[in-house]
Amino acid sequence: MDGDTSGYELSRKRAFLATLPFLALGIADVVLLLEWGLDPLWGFMILPPILFVSVLAWLAFRGGFVRDRTGPTGPDVEK
C-alpha cells in the first residue's frame, strides 16, 4: 500500500461541515418547541442528547472511524 487515502482528508473543518446539518436540525427542533410555547424545561431536556450525539458524530468523522469501517480498498488489496 502506498498510503493513498482515496480522497479522504481527515480534518476538523470537514468533520464540522459533515455534522453541521444534524446539529442544525436539533437546534431547530429546540427552537420550534420553544416557539410553540412549551415549557422551556423541555428544550433543555432534549438539548443535551442532541449535543452529545453531534459531538460523537464529529469525533467519528474527525477520527476516521466512518472511513475505516468500509475496510481497505484499492487494486493492491487481496480479496
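For the structure, see preceding data.
Keep in mind that what you see is a predicted model, and the values were worked out from it rather than measured.

**Student:** Describe a nonpolar patch on the surface, with residues and values.
**Tutor:** A cluster of nonpolar residues, L32, W36, L38, L41, W42, F44 and M45, forms a patch on the protein surface that exposes about 820 Å² of accessible area. In terms of residue count, helix α2 (residues 40-63) provides more of the nonpolar patch than any other element does, four residues in total. For M45, the position within the fold is in helix α2. The partly exposed category is assigned to M45, whose relative accessible area is 46%.

**Student:** Let's hear about the side chain of T19: which residues, and what values?
**Tutor:** Its place among the elements puts T19 in helix α1 (residues 12-35). Note on T19: relative accessible area 5%, which makes it buried. Beyond its immediate chain neighbours, meaning those up to four positions away, T19 contacts S54, A57, W58 and F61.

**Student:** Could you give an account of the environment of P21, naming the residues involved and the relevant values?
**Tutor:** Counting through the fold element by element, P21 comes out in helix α1. Sequence separation of P21 and S54 is 33 residues, and the distance between their C-alpha atoms is 9.7 Å.

**Student:** Give me the lowdown on the packing of α1 against α2, citing residues and values where you can.
**Tutor:** The geometry of α1 relative to α2 is characterised by a closest axis approach of 9 Å and an angle of 170° between their N-to-C directions. By the criterion of interaxial angle, the relationship of α1 to α2 is roughly antiparallel. Residue-level inspection shows R12, A15, F16, A18, T19, L23, G26, I27, D29, V30, L33 and L34 of α1 in contact with α2, the latter providing P40, G43, I46, L47, I50, L51, S54, A57, W58, F61 and R62.

**Student:** Let's hear about the environment of V30: which residues, and what values?
**Tutor:** Looking at where V30 falls in the secondary structure, it is placed in helix α1. In contact with V30, other than residues within four places in its own chain, are G43, I46, L47 and I50.

Cut-off values and rules
Residues numbered from 1 in each chain as written. Predicted model: local features only at pLDDT ≥ 70, side-chain atom pairs only at ≥ 80, totals over all residues. Heavy atoms only, no water. Patch = residues over 30% accessible without salt bridge, like charges linked within 9 Å, V, L, I, M, F, W, Y side chains within 5 Å. Areas by Shrake-Rupley, 256 points an atom, 1.4 Å probe, with all protein chains shown as cover. Salt bridge = Lys/Arg side-chain N within 4 Å of Asp/Glu carboxyl O. Helix = DSSP H or I, 4+ residues; strand = E, 2+ residues; numbered from the N terminus. Buried < 20%, exposed > 50% of the residue type's maximum accessible area, 1.4 Å probe, protein only. Contact = heavy atoms within 4.5 Å. Axes fitted to C-alpha atoms, helices over the stretch in contact; angles between N-to-C directions. Parallel < 35°, antiparallel > 145°, perpendicular 65-115°, else oblique.

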